[in-house]
Amino acid sequence: DQQVKQNSPSLSVQEGRISILNCDYTNSMFDYFLWYKKYPAEGPTFLISISSIKDKNEDGRFTVFLNKSAKHLSLHIVPSQPGDSAVYFCAAAGGRGSTLGRLYFGRGTQLTVWP
Amino acid sequence: DAGVTQSPTHLIKTRGQHVTLRCSPISGHKSVSWYQQVLGQGPQFIFQYYEKEERGRGNFPDRFSARQFPNYSSELNVNALLLGDSALYLCASRLQETRSYEQYFGPGTRLTVT
């Protein structure tokens, strides 16, 4: 039962342009959302997060938008750089009986930024 | 400060064998979680431990077990290995005292079962 979905397995963007990665979730009890970046042979690296009480959070080139009514969030990277090429995972947390140590991940989106 | 460390980096085992994976959290982090990432999927939660007690368990069979030591390091044990256990096993730590959900991952152990 995939509670967090990333429907685009890959995204290709030119350097300097905007990258938009999308994520949908089904569990309305989730109250915290995170984005991780993963390079090959490394563990996921925390990028940015957002609480369900907000609809936007920004950190440098990275902005996450949350639309609770649509159960949708997106990560915007502006401007995109070749070093951003990696797999991006959306994750969610919270809910009835949930532990703070449990994250639910999507399958990831491979972002390729070309010069 | 050192991040989360895991050992070994790679491991090859035969079906039916047992394996032990090790994790050391970031200094000051008292909570450790284990995840399994199969190729093409996102990480799947296996366990969370805090203060040597299991605080959460994912949908994994009893062949999977774990423990946490007084220094907050942790071991993941898998018995009677199956081919389907081949995966990247990730350990993550977090600062339990906060309400934050952010977890910090180690590089993982790549387990191959033949």
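Summary of the structure given here. (Residues numbered from 1 in each chain as written. Chains lettered and ligands numbered in written order. Predicted model: local features only at pLDDT ≥ 70, side-chain atom pairs only at ≥ 80, totals over all residues. Heavy atoms only, no water.)

Thoughts on the state of the cysteines
Then comes step 1: As enumerated under the stated definition, the model contains two disulfides over all chains in all.
Then comes step 2: Between the sulfur atoms of cysteine 23 of chain A and its disulfide partner cysteine 90 of chain A the distance amounts to 2.0 Å. Here cysteine 23 of chain A and cysteine 90 of chain A share a disulfide; its torsion about the S-S bond, -75 degrees, makes the bridge left-handed. On the criterion of sequence distance, the pair formed by cysteine 23 of chain A in strand 3 (residues 19–25) and cysteine 90 of chain A in strand 9 (residues 86–93) is long-range, its members being 67 residues apart.
Then comes step 3: Between the sulfur of cysteine 23 of chain B and that of cysteine 91 of chain B lies a disulfide, 1.8 Å long from S to S. (Disulfide = S-S within 2.5 Å. Helix = DSSP H or I, 4+ residues; strand = E, 2+ residues; numbered from the N terminus.)

Some words on unusual backbone geometry
Then comes step 1: Across the junction of valine 78 of chain A and proline 79 of chain A, the peptide omega takes the value -10 degrees, indicating a cis bond.
Then comes step 2: Here proline 79 of chain A is to be found in the loop between strand 8 (72–77) and strand 9.
Then comes step 3: Cis geometry marks the peptide bond from serine 7 of chain B to proline 8 of chain B, where omega comes out at -5 degrees.
Then comes step 4: If you trace the backbone, proline 8 of chain B turns up in the loop between strand 1 (5–7) and strand 2 (10–13).
Then comes step 5: Even without a glycine there, the phi angle at tyrosine 72 of chain B is positive, about 75 degrees.
Then comes step 6: For tyrosine 72 of chain B, the position within the fold is in the loop between strand 7 (64–68) and strand 8 (74–78).
Then comes step 7: By relative accessible area, tyrosine 72 of chain B is classed as partly exposed at 22%. (Buried < 20%, exposed > 50% of the residue type's maximum accessible area, 1.4 Å probe, protein only.)

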